[in-house]
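# Structure assessment
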Amino acid sequence: MAVLCCSHHPSTQLGNPHESSSHHKFAKGMVAFPGSSRPMKFSPPPRWRMLATPASRTLQDVKNSCTGESSFDLQSYLQFKGVAVNAALDEALPMRYPDKIHEAMRYSLLAGGKRVRPILCIAASEMIPGGTQEAAMPSAIAMEMIHTMSLIHDDLPCMDNDDLRRGKPTCHKAFGEDTAVLAGDAMLSLAFEHIARCSAGVPAERVVRIVSELGSAVGSQGLVAGQIVDIACEGKEGVDLDMLRYIHIHKTGKLLEAAGVCGAIAGGASEEEVGRVRSYSQAVGLLFQVVDDILDVTKSSQELGKTAGKDLISDKTTYPKLLGLQGARDYAEELLAEAKQQLAAFGESRAAPLLALADYIAYRQN
């Protein structure tokens with residue numbers, strides 16, 4: 001049993017059904033099947049699907065575009081996938097009434113960013129034989145929606161009290177605290193609706209498993225668990241490495257883990273393959289936070305696109321604080337090696353995007 005695809009926003013339809021054409025008997029957006037004089041409405045594929053596989057540049061072109069047989073052009077890959085992800089995000093959240101809440105949601109969701117979570121989801125699906133971007137895209141979009149929700153709420157005065165996000169005023173600064181809270185709430189529910197409504201061609205049992213995986217990742221045993229323990233530990237002495245790992249495995253790592261796992265599930269991965277992708281994503285999730293802590297004390301606000309040094313100001317325990325800056329960098333290298341080891345069974349060619357993505361997370365500068 002497959003889940004039906006969602007309907008597309010009216011703005012994505014080709015032509016106006018009331019507009020005449022000098023070349024066709026029927027209005028634009030209408031077609032007639034052979035032997036029939038009755039017009040049928042034609043709905044084009046989503047814009048992200050058309051952008052994902054341009055005739056002039058296929059995914060294999062991207063993989064082969066770099067010099068050297070074993071190298072992988074990650075920048076082209078990220079740009080290639082980012083175009084499709086951004087188009088899908090735009091289509092998943094059109095402007096509707098009430099205007100203010102949708103404007104606030106779109107302001108935060110479409111503000112840019114690295115799109116690591118949705119690209120991880122897609123790459124994990126495509127690594128599995130038979131897995132596709134199309135199968136993973138609804139889950140990928142849901143990951144970015146939930147990530148955006150977490151940023152909106154994390155920036156609130158009652159949490160991290162931040163004024164800058166992705167180089168722009170935070171949602172509550174632009175729209176007010178009340179609207180920001182509601183925008184985050186609406187984004188969370190929309191994420192699950194989007195998976196259920198738009199996972200065309202994905203067997204229903206996989207969709208249910210994806211929803212369960214994502215719900216666990218964001219709830220009281222996932223992201224929220226890490227957030228509440230992080231708040232409780234602010235300004236406290238005696239926070240050790242085990243507690244810090246717990247905070248970051250849950251606060252940051254669980255959603256990255258879900259991104260990889262849900263992509264693998266959408267692609268039809270075996271239990272063994274799901275387990276390997278889970279272990280990879282767990283290592284990458286922790287790596288992401290270790291690098292975040294390092295950047296917070298080594299980069300400027302302008303370079304980061306968000307407030308630098310805020311962990312020091314709020315007296316949070318971080319990896320550089322516990323291990324020293326060099327110790328944190330060494331730990332990042334260990335996590336990178338661990339992540340790559342989990343992909344060895346897939347082969348270098350199939351795993352190339354995820355191997356390169358791990359390097360990107362480890363060596364990013366913002």
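Residues numbered from 1 in each chain as written. Predicted model: local features only at pLDDT ≥ 70, side-chain atom pairs only at ≥ 80, totals over all residues. Heavy atoms only, no water.

To continue, consider the overall build of the protein chain. Along the backbone of the protein chain there are 16 helices and four strands. Considering only contacts in the protein chain between residues 6 or more positions apart, those separated by 24 or more positions represent 70%. For the protein chain, the exposed area adds up to about 17,300 Å²; of that, 54% sits on carbon and sulfur atoms. (Helix = DSSP H or I, 4+ residues; strand = E, 2+ residues; numbered from the N terminus. Contact = heavy atoms within 4.5 Å. Areas by Shrake-Rupley, 256 points an atom, 1.4 Å probe, with all protein chains shown as cover.)

This part covers the environment of Gly201. Tracing the backbone through its elements, the reader meets Gly201 in the loop between helix 8 (177-198) and helix 9 (204-218). Placed 66 residues apart in sequence, Gly201 and Ala135 show a C-alpha to C-alpha distance of 7.0 Å.

Glancing now at a negative patch on the surface. On the surface, Asp330, Glu333, Glu334 and Glu338 cluster together to form a negatively charged patch. By secondary structure assignment, the location of Glu338 is in helix 15 (residues 319-342). (Patch = residues over 30% accessible without salt bridge, like charges linked within 9 Å, V, L, I, M, F, W, Y side chains within 5 Å. Salt bridge = Lys/Arg side-chain N within 4 Å of Asp/Glu carboxyl O. Lys, Arg positive; Asp, Glu negative; His and termini not counted. Charge placed at Lys NZ, Arg CZ, Asp CG, Glu CD.)

With that settled, consider the pattern of salt bridges. Evaluation of the coordinates by the stated rule reveals 16 salt bridges. Here Asp90 ties to Arg106 by a salt bridge, and the two come within 2.9 Å at their closest N and O atoms. Separated by 16 residues along the polypeptide, Asp90 in helix 3 (residues 74-92) and Arg106 in helix 4 (residues 99-109) bring together distant segments of the chain. Here Asp90 falls in the partly exposed class, since its relative accessible area comes to 27%. Across the salt bridge formed by Glu273 and Arg350, the nearest N and O atoms sit 3.9 Å from each other. (Buried < 20%, exposed > 50% of the residue type's maximum accessible area, 1.4 Å probe, protein only.)

It is at 10 Å that the axes of helix 3 and helix 16 (residues 348-363) come closest, and there the two elements cross at 100 degrees. Taken together, helix 3 and helix 16 sit at an angle that is classed as roughly perpendicular. Residue-level inspection shows Leu74, Gln75, Tyr77 and Leu78 of helix 3 in contact with helix 16, the latter providing Pro353, Ala356, Leu357 and Tyr360. (Axes fitted to C-alpha atoms, helices over the stretch in contact; angles between N-to-C directions. Parallel < 35°, antiparallel > 145°, perpendicular 65-115°, else oblique.)

For the rest of this paragraph, the subject is the nonpolar core. Tyr280 and Leu354 are the most contacted members of the largest nonpolar core, which has 92 residues in total. In terms of residues, this core owes the most to one element, helix 12 (residues 271-298), which gives 12 residues. Those residues in contact with Leu354 that lie beyond four places of it in its chain are Leu120, Ala123, Ala124, Met127, Tyr280 and Leu343. (Core = buried A, V, L, I, M, F, W, Y, C linked by side-chain atoms within 4.5 Å.)

It is worth spelling out helix 10 (residues 223-233) at this point. Among the residues of helix 10, Leu223, Ala225, Gly226, Gln227, Val229, Asp230 and Cys233 are the ones counted as buried. Positive backbone phi, approximately 75 degrees, marks Gly235, located one or two places after helix 10.

Quick look at the packing of helix 12 against helix 16 now. Axis separation between helix 12 and helix 16 bottoms out at 9 Å; the angle between their running directions is 20 degrees. The angle between helix 12 and helix 16 falls in the class roughly parallel. Here helix 12 and helix 16 pass one another in a crossing that is left-handed. In contact with Glu273, Tyr280, Val284, Leu287, Phe288 and Val291 of helix 12, helix 16 contributes Arg350, Leu354, Leu357, Ala358, Ile361 and Ala362. For the contact of helix 12 with helix 16, the per-class residue count stands at 10 nonpolar, no polar and two charged. (Left-handed = near helix turned anticlockwise from the far one by under 90°. Nonpolar A, V, L, I, M, F, W, Y, C, P; charged D, E, K, R; others polar.)

On to the confidence of the model for the protein chain, then. Segments scoring low in pLDDT should not have their predicted coordinates read at a detailed level. Residue-level pLDDT values for the protein chain average 83, and 77% of them are 70 or greater. With pLDDT under 50 throughout, residues 1-5 is counted as low confidence; its partners more than four residues away or in other chains account for 21 contacts. Across residues 7-44 the pLDDT falls below 50, and counting only partners more than four positions away or on other chains, this stretch makes 40 contacts in the model. (pLDDT = per-residue confidence, 0-100.)

Once that is clear, we can look at the packing of aromatic side chains. If you walk through the whole model with that rule in mind, you get three aromatic pairs. Sitting over the ring of Phe288, Arg117 keeps its end group 5.2 Å from the ring centre. (Phe/Tyr/Trp six-rings, centres within 6.5 Å; stacked < 30°, edge-to-face > 60°. Lys NZ or Arg CZ within 6 Å of the ring centre and 35° of its normal.)

The subject of this paragraph is empty space enclosed by the protein. According to the stated counting rule, one finds two cavities of 30 Å³ or more in the structure shown. Taken as a whole, the largest cavity holds about 100 Å³ of empty space. Taken together, 13 residues form the lining of the largest cavity, with Ser108, Ala111, Arg165, Thr170 and Cys171 sitting closest to its centre. Looking at the lining of the largest cavity, the elements with two or more residues in it are helix 4, helix 6 (133-154) and strand 4 (168-169). With three residues, helix 6 is the largest single contributor of residues to the lining of the largest cavity. Looking at the lining of the largest cavity, its residues break down into six nonpolar, three polar and four charged. (1 Å grid on protein atoms, 1.4 Å probe; cavity = no way out; pocket = protein on both sides within 12 Å on 5 of 7 lines; lining within 4 Å. Points joined across faces, edges and corners; volume = space filled by probe spheres on them.)

Time to look at a nonpolar patch on the surface. A contiguous nonpolar surface patch, about 200 Å² in accessible area, is contributed by Leu241, Leu322 and Leu323. With respect to the secondary-structure elements, Leu322 resides in helix 15. A residue is classified by how much of its surface remains accessible, and Leu322, at 36% relative accessible area, is partly exposed.

Glancing now at unusual backbone geometry. That bond from Tyr97 to Pro98 is cis: its omega, 0 degrees, falls within 30 degrees of zero. Inspection of the secondary structure assignment puts Pro98 in the loop between helix 3 and helix 4. Even without a glycine there, the phi angle at Arg115 is positive, about 60 degrees. As for its position among the elements, Arg115 is in the loop between helix 4 and helix 5 (116-127).

Right, let's talk about helix 5 for a bit. Because the α-helix completes a turn every 3.6 residues, residues three or four places apart line up on one side. An ideal rise of 1.5 Å per residue puts 16 Å on 12 residues; helix 5 measures up with 16 Å between its terminal C-alpha atoms. What helix 5 keeps buried is the set Val116, Arg117, Pro118, Ile119, Leu120, Cys121, Ile122, Ala123, Ala124, Ser125 and Met127. Elements that come into contact with the buried residues of helix 5 comprise helix 3, helix 6, helix 11 (241-266), helix 12 and helix 16. (Expected span 1.5 Å × (residues − 1).)

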